[in-house]
Amino acid sequence: MAADGLTYTIVDTANMSTAEIYGKVLCDLAEKHNDIVGLSADLAKSTKIGQFAAKFPDRFFNAGIAEQNMFGIAAGLAKSGLTPFVSTFAVFASLRAAEQVRTDICYPKLNVKIIATHAGTSFGQAGTTHHCTEDLAVMRSFANMVVIAPADGIETANAVIAAYEYKGPVYIRINRGFDPFLYEKSDYGFQIGKAVQLKDGTDITIIACGAAAYNAYHAAGILEKEDGLSVRVLNMHTIKPIDEEAILKAVMETRRIVTFEDHNIYGGLGSAVAEVIVKSGKACAFESVGIPDEYAIIGLPEDLQNYYGFDQNKIVEKVRQIMGKDFEQTEDWEDEV
Amino acid sequence: MPLSQQELKQLNEKACQIRKDTIDTVYWAGGGHVGGSLSFTEIMVILYYKYLNIDPKNPQWPDRDRVVLSKGHAGVGYAPILADKGYFPKELLKEYNHTGSILGMHLDGNKVPGVDVSTGSLGHGLPIAVGLALGARLQNKSWLTYCIMGDGECDEGSVWEAAMAAAHYKVTNLVTIVDRNRMMIDGPTEEVMRLEPFADKWKAFGWIVKEVDGHDFNQLADAIEYAQKEDKAPVVIIAHTIKGKCVDFMEDKYEWHYGGLDSEKVELAKACIDKHYCEM
């Protein structure tokens, strides 16, 4: 149970989009904590912070379509002692107002929570202007920033509560629309910076975040059943600080790691995991799957997950491909650099 | 309230001293944004020596007025005031810009006592100041936020985003002063990117505009007291100033936006400042 005593199940959140769950949780938190204020830039409705705005109109500021000013105001509100939750699309939070987030919020380590929606390719039909496959890389490079990509609505609830309880800036990226539920209940011990092991295994470790985590979990089931593989699956909801311990354990115990994320392959989850693997000095087969270094095509999110290789079937294929490589025959696994 | 002769004399003495300290600081720092640090001297002096409700012994005092120096490059003009107020020892000015010093070109809110916000990236100050003021209002706090801006930075779109928001949300517990010295790095503001009709722009955004001679303490006092009390709309004081004020070879020259001073120029600059105040 979260320290705030707020727990959620798929029954409480049935038929709710991930953002709607965020809106509900924020309202629940705000009932208890009057330091919470909300901001949006004409996207209160789309990001569902509008639920908070409807309930607490005096504590909500719509900045109009002016993200730089919105994050500046959020910095000022935080400096005055309040806890702003700021919601807009991920592409605007991480790129349009990146400097305000870095200089005005992260540098003084202000208590601002950015809940960015429509992340990755989850707004696939909207095209490149509204896709956001760079936010993890950008936000990860800002010192003091915590970066979270929850797997589903239940985990979003946990992340929002944990973000409130943490003192300092937090960036949470969630998808547009409905995410299939990976979790049935929120009391599975969510902790910022601690990966959740969804399945134990010894042949290979899949590390995934966001929408890819659900797909990875179900792909692992298929691989176990059809291929007899023992697949470890880590839901790496926190991209920063990354759970080094879980990654190093996977290096030592499975020697094969593959990451899946709805983000450019440069700078996001795959890069963060690779940095830890390389530092370990241990041999480990590694691949990262996400959007290659290009701008994503237009399409339905589920089609794009397939196209970019992180839906269930593509994850199965990728793992089979990695397992088919003769790493163990050509390398001495015990070698250390 | 008009300033008494005694007050006026004290403020002028302080302005003279701060200008000379600024010159010294530029020398110690190996260069600095001296032009704009001499244009806003009266603005900063009247705020720090007459109006601000602050306690230098307790820089984090929750009920203090907040100051956002949005034209953060004017650090060499700001630091001598903070030192004089007792936020840190004056000796530190000699380490300005030195490796490991708390004092850099743009004063850092994480490092320098008395500095509320790390500024220097232009166009950031007013949005933060609006947020501070809204935060105070929401929590029923009576402290005021003062935002001191440069005119050149009003090229930034975020300034006008914040101007719109301040009017929309009727942010009146905020005093905004623009140091209208008409010069920026690359030349006169009207040549680089025209700002005029500047006052009309603010009016069109819903602000009340007070235009004053930014080197005249009486005019500044009237305008600041008006802005403190006004509760129908945000007030901007456009303070018409001269870049490099009081130093003959710098006055009104955009080339002195940033510059270094050797010991000879330091003496020359100080002599100009002394002459200016003697003539007063």
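What counts and how
Residues numbered from 1 in each chain as written. Chains lettered and ligands numbered in written order. Predicted model: local features only at pLDDT ≥ 70, side-chain atom pairs only at ≥ 80, totals over all residues. Helix = DSSP H or I, 4+ residues; strand = E, 2+ residues; numbered from the N terminus. Rg over C-alpha atoms; globule rule 2.2 N^0.38 Å. Buried ≥ 20, exposed ≤ 12 C-beta atoms within 10 Å, placed from the backbone. Contact = placed C-beta atoms within 7 Å. Expected span 1.5 Å × (residues − 1). Arc of directions from axis to C-beta. Pairing = 2+ DSSP bridges. Axes fitted to C-alpha atoms, helices over the stretch in contact; angles between N-to-C directions. Nonpolar A, V, L, I, M, F, W, Y, C, P; charged D, E, K, R; others polar. Core = buried A, V, L, I, M, F, W, Y, C linked by C-beta atoms within 7 Å. Domains from an automatic or database assignment. Right-handed = clockwise from strand over helix to strand, strands pointing away. pLDDT = per-residue confidence, 0-100.

A. Representation of the overall build of chain B within the structure. Summing up its helical and strand segments, chain B has 10 helices and seven strands in all. Expected size for 280 residues packed as a compact globule is a radius of gyration near 19 Å; at 18 Å, chain B falls within 12% of this value. Summarising its shape, the C-alpha atoms of chain B cover approximately 50 × 45 × 40 Å along the three principal directions. Within the span of chain B, comprising 280 residues, buried residues form 50% of the whole. Looking at chain B alone, contacts between residues at least 24 apart form 76% of all its contacts between residues at least 6 apart.

B. View of helix H13 (residues 312–323) of chain A. All names here are of chain A. Across its 12 residues, H13 extends 17 Å between first and last C-alpha, which sits within 8% of the 16 Å expected from 1.5 Å per residue. Buried residues of H13: Ile315, Val316 and Val319, and no others. All buried residues of H13 lie within an arc of 100 degrees about the axis, which places them on one face of the element. Buried residues belonging to H13 abut strand S8 (204–208), helix H9 (211–227), strand S9 (231–235) and strand S11 (256–264).

C. Seen up close, the sheet that holds strand S2 (residues 60–62) of chain A. All names here are of chain A. Spatially, the seven strands line up as an open sheet ordered S2-S1-S3-S4-S6-S5-S10, and their pairing is mixed. Either end of the sheet is taken by a strand with one partner, and the two such strands are S2 and strand S10 (238–240). Strand-to-strand twist of the sheet, defined as the mean angle between neighbouring strand axes without regard to direction, takes the value 20 degrees. Pairing geometry for strand S1 (residues 36–40) and S2, over three bridges, is parallel. Bridged to Leu39 within S2 is Phe61.

D. Summary view of the pairing of S11 of chain A. Residues and elements named next belong to chain A. Across the nine residues that make up S11, a large majority, nine, are buried. Relative to S11, S8 runs parallel, the two being bridged by four bridges. Counterpart to Ile206 in the pairing with S11 is Val258. Looking at chain direction, S11 and strand S12 (residues 285–291) are connected through six bridges and run parallel. Across the sheet, the residue bridging to Asn264 is Ile291, located in S12.

E. Structural view of the interface of chain B and chain A. The partner chain A presents 23 residues to the 22 residues of chain B that form the contact. If you list the elements that add at least two residues to the side of chain B that touches chain A, you get helix H5 (125–138) and helix H6 (157–168) of chain B. No other element matches the 10 residues that H5 of chain B contributes to the side of chain B that touches chain A. For the side of chain B that touches chain A, the residue count by class is 12 nonpolar, nine polar and one charged.

F. Seen up close, the nonpolar core. Residues Ala74, Val160, Ile172, Ile206 and Ala216 of chain A together with Val130 of chain B are the most contacted members of the largest nonpolar core, which totals 197 residues. The element best represented in this core is H9 of chain A, accounting for nine residues. The residue makeup of this core includes at least three contributed by each of domain 1 (18–173) and domain 2 (196–325) of chain A. Once you skip the residues sitting within four places of it in the chain, Val160 of chain A turns out to touch Tyr22, Val25, Leu26, Ile115 and Ile172 of chain A.

G. Quick look at the pairing of strand S2 (residues 145–150) of chain B. Residues and elements named next belong to chain B. Within S2, six of the six residues are buried, leaving the element largely enclosed by the surrounding structure. Across the two faces of S2 the burial is the same, with Thr145, Cys147 and Met149 and Tyr146, Ile148 and Gly150 all buried. Sheet topology places strand S1 (residues 66–69) next to S2; four bridges connect them, and they run parallel. Bridge pairing in S2 links Val68 to Cys147. With six bridges connecting them, S2 and strand S3 (residues 174–180) associate as parallel partners. By the bridge assignment for S3, Met149 is matched with Val178. Between the parallel pair S2 and S3, the chain is carried across by H6, and the sense of this crossover is right-handed.

H. Representation of helix H9 (residues 217–229) of chain B in the model. Residues and elements named next belong to chain B. Its 13 residues give H9 an end-to-end C-alpha distance of 18 Å, which sits within 8% of 18 Å, the value for a rise of 1.5 Å per residue. All buried positions along H9 are accounted for by Phe217, Leu220, Ala221, Ala223, Ile224 and Ala227. For H9, the elements touching its buried residues are helix H1 (5–29), helix H3 (41–51), S3, strand S6 (208–213) and strand S7 (235–240).

I. Inspection of the sheet that holds S3 of chain B at higher detail. Residues and elements named next belong to chain B. Read from one edge of the open sheet, five strands run S1-S2-S3-S7-S6, paired in parallel fashion. Edge positions in the sheet fall to S1 and S6, since each of these pairs with one other strand and no more. Shown here is a sheet whose adjacent strand axes are inclined to one another by a mean of 20 degrees, direction ignored.

J. Spotlight on unusual backbone geometry. The peptide bond linking Lys240 of chain A to Pro241 of chain A adopts the cis configuration, its omega dihedral lying at 0 degrees. With a phi angle near 65 degrees, Asp252 of chain B is a residue other than glycine that sits in the positive phi range. One can find Asp252 of chain B in the loop between S7 and helix H10 (263–279). You can call Asp252 of chain B partly exposed: it has 15 C-beta atoms within 10 Å.

K. Region of the structure containing the environment of Glu267 of chain B. All names here are of chain B. Its location among the elements puts Glu267 in helix H10. With 12 C-beta atoms packed within 10 Å, Glu267 lands in the exposed category. For Glu267 and Lys20, which are 247 residues apart along the polypeptide, the C-alpha to C-alpha distance reads 9.7 Å.

L. How the structure looks around the confidence of the model for chain B. In this model, chain B carries an average pLDDT of 97, and 100% of its residues clear a pLDDT of 70 or more. At the level of chain-chain contacts, confidence expressed as ipTM amounts to 0.95, with global pTM at 0.96.

M. Fine view of the domain arrangement of chain A. All names here are of chain A. Looking at chain A, the domain boundaries give domain 1 (18–173) and domain 2 (196–325). Taken over C-alpha atoms, the centre of domain 1 sits 26 Å from the centre of domain 2. Of the residues in the side of domain 1 that touches domain 2, the class split is 10 nonpolar, nine polar and four charged.

N. Representation of the environment of Asp231 of chain B in the model. Residue and element names in this part refer to chain B. Among the secondary structure elements, Asp231 is positioned in the loop between H9 and S7. Judged by the 9 C-beta atoms lying within 10 Å of it, Asp231 falls in the exposed class. Sequence separation between Asp231 and Leu174 is 57 residues, and the spatial gap between their C-alpha atoms is 9.9 Å.

O. Structural detail: the environment of Ala157 of chain A. All names here are of chain A. Turning to its location among the elements, Ala157 is positioned in helix H8 (residues 153–165). For the pair Ala157 and Asn144, spaced 13 residues apart in sequence, the C-alpha separation works out to 22 Å. Excluding its chain neighbours within four sequence positions, the residues that come into contact with Ala157 are Tyr8, Ile21, Val25 and Ser186.

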